[in-house]
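Tertiary structure, described
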Amino acid sequence: MKVAYVFSTSGHTASYKLGKMILPQLEAGDHGVDVVGMMFFDDNTFVLRKGDPLGERLGKVARDEGMLLMLCDQCALERGLAEGEPPSCTPKDTVDGVQVGCFPDLYGALDGNPPDQVITL
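Residues numbered from 1 in each chain as written. Predicted model: local features only at pLDDT ≥ 70, side-chain atom pairs only at ≥ 80, totals over all residues. Heavy atoms only, no water.

This part is about the pattern of salt bridges. Under the counting rule described, the total for this entry stands at five salt bridges. A salt bridge links K50 to D96; the shortest N-O distance between them is 3.7 Å. Here the residue K50 occupies a position in the loop between β2 (34-40) and α2 (53-65), and D96 occupies one in the loop between β5 (90-91) and β6 (99-101), the gap between them amounting to 46 residues. A salt bridge links R79 to E78; the nearest nitrogen and oxygen atoms lie 3.6 Å apart. Of the residues examined, E78 reaches a relative accessible area of 65% and is grouped as exposed. Several salt bridges converge on common partners, so that one network encompasses D43, E78 and R79. (Salt bridge = Lys/Arg side-chain N within 4 Å of Asp/Glu carboxyl O. Helix = DSSP H or I, 4+ residues; strand = E, 2+ residues; numbered from the N terminus. Buried < 20%, exposed > 50% of the residue type's maximum accessible area, 1.4 Å probe, protein only.)

Okay, helix α1 (residues 13-28) next. With 16 residues, α1 extends 21 Å between its outermost C-alpha atoms, agreeing within 8% with the 22 Å of an ideal straight helix rising 1.5 Å per residue. Approximately 50° is the largest bend angle found in α1, and it occurs at G19. What α1 keeps buried is the set T13, A14, L18, G19, I22, L23 and L26. For α1, the elements touching its buried residues are β1 (2-7), β2 and α2. The first or second residue beyond α1 is G29, which carries a positive phi of 75°. (Expected span 1.5 Å × (residues − 1). Bend = angle between axes of the 7 residues up to and from the residue. Contact = heavy atoms within 4.5 Å.)

Here we come to the packing of α1 against α2. Where α1 contacts α2, the axes come no closer than 11 Å and their chain directions differ by 35°. Judged by the twist between their axes, the crossing of α1 over α2 is left-handed. Facing α1, whose interface residues are A14, S15, L18, G19, L23, P24, L26 and E27, α2 presents L54, R57, L58 and V61. Its residues assigned to classes, the contact of α1 with α2 comprises eight nonpolar, two polar and two charged. (Axes fitted to C-alpha atoms, helices over the stretch in contact; angles between N-to-C directions. Left-handed = near helix turned anticlockwise from the far one by under 90°. Nonpolar A, V, L, I, M, F, W, Y, C, P; charged D, E, K, R; others polar.)

See the structure below:
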């Protein structure tokens with residue numbers, strides 16, 4: 001089964017659930033499903049800052065596995081993690097391979113490898 005994760009809940013969703021549960025399983029190869037993408041909203045975007053230990057680990061897994069990592073364009077702009085204007089934003093000071101976009105960009109990016117389920121955390 002293929003899944004995509006959407007990190008939208010405020011608080012420590014990405015740092016705790018991703019950092020303590022999902023990412024260690026992905027690194028060990030025993031997560032149980034293929035993760036095709038992750039989309040980050042609000043303060044969860046900070047996980048993908050360049051130099052963030054969790055983000056750098058996730059970036060490596062994403063590059064190795066061909067997993068999409070995308071930041072909400074508006075959320076990234078507000079937090080200094082993107083530049084430009086929607087819909088043509090580019091990532092700024094993020095881990096390698098991160099994309100910035102909105103839902104149409106997410107749909108397009110996952111079109112060639114669609115998930116069977118989307119899980120929102």
